[in-house]
There are 2 protein chains.
Amino acid sequence: MVLPRAAKTQRRTRIQEEKEEQILEAALEVFSANGFRGSTIDQIAEVAGMSKPNLLYYFRTKEAMHRALIDRVLDTWLDPLRELDAEGNPVAEIRSYIRRKLEMAREFPRESRLFANEILQGAPHIEDELKGPLKQLVDEKAEVIRAWAKAGKIAKCDPYHLIFAIWSTTQHYADFDVQVRAVLGQENAGDGRFEDAARFLERLFVDGLQVRE
Amino acid sequence: MVLPRAAKTQRRTRIQEEKEEQILEAALEVFSANGFRGSTIDQIAEVAGMSKPNLLYYFRTKEAMHRALIDRVLDTWLDPLRELDAEGNPVAEIRSYIRRKLEMAREFPRESRLFANEILQGAPHIEDELKGPLKQLVDEKAEVIRAWAKAGKIAKCDPYHLIFAIWSTTQHYADFDVQVRAVLGQENAGDGRFEDAARFLERLFVDGLQVRE
DNA sequence: TGTAATGTTTACCAACCGGTCAAATTATCA
DNA sequence: TGATAATTTGACCGGTTGGTAAACATTACA
């Protein structure tokens, strides 16, 4: 066979396994930093430590690479929301959702930026995922939150916008990291900002700014 | 004279005025949608309705165009924060800051995305602005907020992270608009989401989620 | 071990991209 | 009006980019 691309073979070779792993790791590095159009196959090939044609042997096109990467990362990315438990204590559930999301922003900033880049530019490659699996999951969890509010366990509020607020505040520390660091100054160079953010966000979402006794 | 670029002439021509305006408008459209690397001079020229060499007669390079655009937009972009008044009522001041920022996200989503794209990709062109004027302004306003907290006018909280939270939650509706619309579904296609967001954010920042009587 | 399948490399291509140049056209104003 | 400055255009250039072709090298396995 001349072109037994991974997709066409029955079982994947050890080499295929390894190389595709290398490539996707490199692709994550490059795509998350430059966006789709801003990234070149040559860049990715260099980071992956292989020649461009070699890389193109495993993924026929730049788009295919990007797609494979998205597919691989999206599931993990949504895990924190999936864990939101309807049976748990509402305030505690939301608190730990925030904590998990912030943890993701710290541990997987590249994944966060990958999606941020994509969505910022109109989500040309992941529109289906947004309108399908993502919307479904959010609809489901929004219903959970709505029920909590209805039962008086948390304040009445729009569950969708609550989720948006949690997404935006937490992902901000990954996506806008340069700005956060620039504003905080190099004194706070370490990971301390994540702990401060955690404290602040917990306080914000649970108590708000109103003074209370 | 062969190349009487705008910068070198003493007085700017009517034509210069008009064309530069057209170009920056087109540049905003294109850069905000595709990022710097993802945009091409041809695209901008087409949107501006002129030929590429003609455009390059007014801005010698792509970078020069981008810079002129940033310079022009940054000031407006920071206006809402500048208006935060140390003498005003703290909770009301923060509330109207949120409202102004959300208003900006609705009215000037392209400006928001322009910065988002830039910062996401490491702010290669606006590092100085972030560490200089931006940091200075934030430092100043953070001090105001800190004083409010100290005086017991608002809950004690990290003022920097409060500002980040306001930025992220409001700009989210501009930068991640596709996602917001995908999740909310086309039923909520109109601008209603901005009003819902305003209500939610006001509630969130002022009261938090805790149930209170 | 031999051979077929798999993997890698070199050389290459056409389209695109940022930018230049010189000639042509249009506006300005003495 | 005429000359000078300002503006616009088409043709072009060198470098980059996504992707291909085919020869070459390696691996797996009967």
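Residues numbered from 1 in each chain as written. Chains lettered and ligands numbered in written order. Predicted model: local features only at pLDDT ≥ 70, side-chain atom pairs only at ≥ 80, totals over all residues. Heavy atoms only, no water.

## Some points on the domain arrangement of chain A
Residues and elements named next belong to chain A.
So, step 1. The domain boundaries assigned to chain A delineate domain 1 (14–60) and domain 2 (73–207).
So, step 2. Here the C-alpha centroids of domain 1 and domain 2 sit 29 Å apart.
So, step 3. Listed by partner, the interface residues are seven residues for domain 1 and six residues for domain 2.
So, step 4. Summed over both sides, the interface between domain 1 and domain 2 buries roughly 680 Å², with carbon and sulfur atoms accounting for 60% of that surface. (Domains from an automatic or database assignment. Contact = heavy atoms within 4.5 Å. Buried area = accessible area lost by both parts, 1.4 Å probe.)

## Overview of helix H4 (residues 62–82) of chain B
Working note: α-helix, 3.6 residues per turn, so residues spaced by three or four point in the same direction.
Residue and element names in this part refer to chain B.
So, step 1. Taking 1.5 Å as the rise per residue, H4 with 21 residues should run 30 Å; its terminal C-alpha atoms sit 30 Å apart, in good agreement.
So, step 2. By the largest-angle criterion, Val73 marks the main kink of H4, which is about 30 degrees.
So, step 3. For H4, the full list of buried residues reads Lys62, Met65, His66, Leu69, Ile70, Val73, Leu74, Trp77, Leu78, Pro80 and Leu81. (Helix = DSSP H or I, 4+ residues; strand = E, 2+ residues; numbered from the N terminus. Expected span 1.5 Å × (residues − 1). Bend = angle between axes of the 7 residues up to and from the residue. Buried < 20%, exposed > 50% of the residue type's maximum accessible area, 1.4 Å probe, protein only.)

## Comments concerning the packing of helix H8 (residues 159–175) of chain A against helix H10 (residues 192–207) of chain A
Residue and element names in this part refer to chain A.
So, step 1. Between H8 and H10, whose axes approach to 11 Å, the crossing angle comes to 165 degrees. The orientation of H8 relative to H10 falls into the category roughly antiparallel. Regarding H8 and H10, the two cross each other, and that crossing is right-handed. In contact with Leu162, Ala165, Ile166, Thr169, Thr170 and Tyr173 of H8, H10 contributes Phe194, Ala197, Leu201 and Phe205. (Axes fitted to C-alpha atoms, helices over the stretch in contact; angles between N-to-C directions. Parallel < 35°, antiparallel > 145°, perpendicular 65-115°, else oblique. Left-handed = near helix turned anticlockwise from the far one by under 90°.)

## Some words on the protein's contact with DNA strand C
So, step 1. If you check the shell around DNA strand C, you find 21 residues, and the closest are Gln16, Lys19 and Tyr58 of chain A together with Lys52 and Lys62 of chain B.
So, step 2. If you look at DNA strand C and keep only atoms within 4 Å of the protein, 61% of those are sugar or phosphate atoms.
So, step 3. Ser39 of chain B places a main-chain nitrogen or oxygen 3.2 Å from a phosphate oxygen of DNA strand C.
So, step 4. Interatomic distance of 2.9 Å between a backbone N/O atom of Lys62 of chain B and a phosphate oxygen of DNA strand C.
So, step 5. Counting only elements with at least two residues in the surface near DNA strand C, the list comes to helix H1 (14–38) and helix H3 (52–58) of chain A together with helix H3 (52–58) of chain B.
So, step 6. Taken together, the residues of the surface near DNA strand C break down into nine nonpolar, seven polar and five charged. (Near = heavy atom within 4 Å. Polar contact = N/O pair within 3.5 Å; in protein donor to acceptor, adjacent residues only side chain to side chain. Nonpolar A, V, L, I, M, F, W, Y, C, P; charged D, E, K, R; others polar.)

## Some words on the protein's contact with DNA strand D
So, step 1. Of all residues adjacent to DNA strand D, which total 22 residues, the nearest are Ile41, Lys52 and Lys62 of chain A together with Lys19 and Tyr58 of chain B.
So, step 2. Protein-proximal atoms of DNA strand D, defined as those within 4 Å of the protein, fall in sugar or phosphate at a share of 61%.
So, step 3. One of the backbone N or O atoms of Lys62 of chain A is found 2.9 Å from a phosphate oxygen in DNA strand D.
So, step 4. Contacts to DNA strand D include Tyr58 of chain B, whose side-chain N or O atom sits 2.7 Å from a phosphate oxygen.
So, step 5. Elements with a minimum of two residues in the surface near DNA strand D: H3 of chain A together with helix H1 (14–38) and H3 of chain B.
So, step 6. By residue class, the composition of the surface near DNA strand D is 10 nonpolar, seven polar and five charged.

## Focus on the packing of H1 of chain A against helix H4 (residues 62–82) of chain A
The axes of two packed helices give the description: the angle between them and the distance between them.
Residue and element names in this part refer to chain A.
So, step 1. Closest axis-to-axis distance for the H1/H4 pair is 10 Å, and the angle between their directions is 100 degrees. One element, H1, and the other, H4, form an angle in the roughly perpendicular class. When H1 is examined against H4, the residues Glu21, Ile23, Leu24, Ala27, Leu28, Phe31, Phe36 and Arg37 are found in contact with a partner set consisting of Lys62, Glu63, Met65, His66, Ala68, Leu69 and Arg72.
So, step 2. For the contact of H1 with H4, the per-class residue count stands at nine nonpolar, one polar and five charged.

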